Amino acid sequence: QVQLVESGGGLVQAGGSLRLSCAASGTIFSINAIGWYRQAPGKQRELVAAITSGGNTDYADSVKGRFTISRDNAKNTVYLQMNSLKPEDTAVYYCKTRLRRNPSDKYEYHYWGQGTQVTVSS
């Protein structure tokens, strides 16, 4: 019922920038939080950045000052502006959200995108 469509991944040189987008569609009453995780080979999946319905943001220490998360509520879309990219940013980036599909829902629904590859070359 809910789909997350990601775009914007690709190959970039160190120091460059990319902008990721994730659009949520389907039966959605409210998005409580939405954000980005990433997973590099041999490493655990980690939270990169997230934003709540109230506009509060959370960033991994490794990306603070370089990445910015934003949200377009009308479009149910979240963006991740990534600047000053480093080779260690190379990973599959996943969009993730927790939401209510209906106002009567007692539980949040969690959805993940399929991921988009970001590769930063040195």
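Described in the following lines is the structure provided in the data block.

What counts as what
Residues numbered from 1 in each chain as written. Predicted model: local features only at pLDDT ≥ 70, side-chain atom pairs only at ≥ 80, totals over all residues. Heavy atoms only, no water. Helix = DSSP H or I, 4+ residues; strand = E, 2+ residues; numbered from the N terminus. Rg over C-alpha atoms; globule rule 2.2 N^0.38 Å. Buried < 20%, exposed > 50% of the residue type's maximum accessible area, 1.4 Å probe, protein only. Contact = heavy atoms within 4.5 Å. Areas by Shrake-Rupley, 256 points an atom, 1.4 Å probe, with all protein chains shown as cover. Lys, Arg positive; Asp, Glu negative; His and termini not counted. Charge placed at Lys NZ, Arg CZ, Asp CG, Glu CD. Phe/Tyr/Trp six-rings, centres within 6.5 Å; stacked < 30°, edge-to-face > 60°. Lys NZ or Arg CZ within 6 Å of the ring centre and 35° of its normal.

**A word on the overall build of the protein**
Here is step 1: If you tally the helices and strands in the protein, you get 0 helices and 11 strands.
Here is step 2: When the helices and strands of the protein are read in sequence order from the N terminus, they spell out β-β-β-β-β-β-β-β-β-β-β.
Here is step 3: Its C-alpha radius of gyration of 14 Å places the protein within 12% of the 14 Å reference for a compact globule of 122 residues.
Here is step 4: Taking the principal axes of the C-alpha coordinates as reference, the protein spans close to 50 × 25 × 25 Å.
Here is step 5: Counting every position in the protein, which comprises 122 residues, the buried fraction comes to 42%.
Here is step 6: At a minimum sequence separation of 6, the contacts of the protein that also span at least 24 residues come to 57%.
Here is step 7: For the protein, the computed accessible surface area is about 6,600 Å², with 44% contributed by carbon and sulfur atoms.
Here is step 8: Here the protein contributes 14 positive and 9 negative side-chain charges, whose respective centroids are spaced 3 Å apart.

**Some points on the packing of aromatic side chains**
The relation between two aromatic rings is expressed through the spacing of the ring centres and the mutual angle of the planes.
Here is step 1: Inspection of the entire model under this criterion finds 3 aromatic pairs.
Here is step 2: Aromatic side chains Tyr94 and Trp112 sit 6.4 Å apart centroid to centroid with 80 degrees between the ring planes, which places their arrangement in the edge-to-face category. Of this pair, Tyr94 sits in strand E9 (residues 91–100) while Trp112 sits in strand E10 (residues 109–112), and the two are 18 residues apart along the sequence.
Here is step 3: Residue Tyr94 is classed as buried on the basis of its relative accessible area of 15%.
Here is step 4: According to the relative accessible area criterion, Trp112 is partly exposed, its value standing at 38%.
Here is step 5: Ring pairs connect the aromatic residues Tyr37, Tyr94 and Trp112, which therefore count as one cluster.
Here is step 6: It is Arg45 that lies over the ring of Tyr94; its NZ or CZ is 3.9 Å from the centre.
Here is step 7: The ring of Trp112 carries the charged tip of Arg45 above its face, separated from the ring centre by 4.7 Å.

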